[in-house]
Amino acid sequence: MNAEISTPTDELTQRLSATPRGARLARRLTAAQLTEWGYPHDTDANDTAQHLVAELAANAVTHGRVPGRDFELRLLLLPENTLRIEVSDPRGDRPLRFVTEPDGEHGRGLILVTLLAATWGVTDRSVGKTVWAELGLKQPASTSSADSPPPCPRTPAPAD
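These numbers come from a predicted model, not from an experiment. (Residues numbered from 1 in each chain as written. Predicted model: local features only at pLDDT ≥ 70, side-chain atom pairs only at ≥ 80, totals over all residues. Heavy atoms only, no water.)

Draft legend 1. The arrangement of the sheet that holds strand β4 (residues 119-124) in detail. Taken together, the five strands give an open sheet; going across it, the order is β1-β2-β3-β5-β4, and neighbouring strands pair in antiparallel fashion. In the strand order of this sheet, the two ends are held by β1 (11-16) and β4, each with one partner. On average, each strand axis in the sheet is tilted by 15° relative to the strand beside it, whichever way the strands run. In the packing of helix α2 (residues 44-62) onto the sheet, the strands contacted are β2 (71-78), β3 (82-89) and β5 (129-136), and the crossing angle to β3 comes to about 15°. (Pairing = 2+ DSSP bridges. Helix = DSSP H or I, 4+ residues; strand = E, 2+ residues; numbered from the N terminus. Axes fitted to C-alpha atoms, helices over the stretch in contact; angles between N-to-C directions. Contact = heavy atoms within 4.5 Å.)

Written out as structure tokens, the structure reads:
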């Protein structure tokens, strides 16, 4: 029996090592996936998604790490051009923390998530938790040759 497994083109799920290297890879995977979905590097959508993933992955690696367990990145392209970012870690016993002291060293990252995401939250899992954020995206960049990019600011535009 041949069973076909279809992978939706609007989703990326990847387990990564709970290390700083894994967190960096999560950010890079996000940049590449958004580019594939039509939101190229150096666009607001791609940059904002990278910042959100960087913060959530860093939190998973720093505060949600359990030795020998990975964390998971999931990106979903939802209807109406909404990106849902999910970062799951195996640690459900530590509550999320916000800055409580002006000179404190931890807790500022979730303020960044609050400012960048349209909405975000935490979902408990049977093992650990998932911190998710949603980001509104503009229409993806067209790949049509008729839509040529504007000329480089250092290069004069061709004369008409």
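Draft legend 2. Region of interest: a positive patch on the surface. Taken together, the side chains of Arg21, Arg24, Arg27 and Arg28 define a basic patch exposed on the protein surface. Within the secondary structure, arginine 28 is located in helix α1 (residues 20-36). Look at arginine 28 and you get exposed, because its relative accessible area is 58%. (Patch = residues over 30% accessible without salt bridge, like charges linked within 9 Å, V, L, I, M, F, W, Y side chains within 5 Å. Areas by Shrake-Rupley, 256 points an atom, 1.4 Å probe, with all protein chains shown as cover. Salt bridge = Lys/Arg side-chain N within 4 Å of Asp/Glu carboxyl O. Lys, Arg positive; Asp, Glu negative; His and termini not counted. Charge placed at Lys NZ, Arg CZ, Asp CG, Glu CD. Buried < 20%, exposed > 50% of the residue type's maximum accessible area, 1.4 Å probe, protein only.)

Draft legend 3. Local environment of the packing of aromatic side chains. For the coordinates displayed, the defined rule picks out zero aromatic pairs. Over the aromatic face of tryptophan 132 sits the side chain of arginine 84, whose NZ or CZ is 4.3 Å from the ring centroid. (Phe/Tyr/Trp six-rings, centres within 6.5 Å; stacked < 30°, edge-to-face > 60°. Lys NZ or Arg CZ within 6 Å of the ring centre and 35° of its normal.)

Draft legend 4. Broad picture of the pattern of salt bridges. Enumeration over the complete set of coordinates arrives at six salt bridges. Between arginine 84 and glutamate 134 there is a salt bridge, with its nearest N and O atoms 2.8 Å apart. Here the residue arginine 84 occupies a position in strand β3, and glutamate 134 occupies one in strand β5, the gap between them amounting to 50 residues. Classification of arginine 84 as buried rests on a relative accessible area of 16%. Classification of glutamate 134 by relative accessible area gives buried; the value is 19%. Across the pair aspartate 89 and lysine 129 runs a salt bridge whose closest N-O atoms are separated by 2.9 Å.

That's the geometry; what it means functionally is another story.
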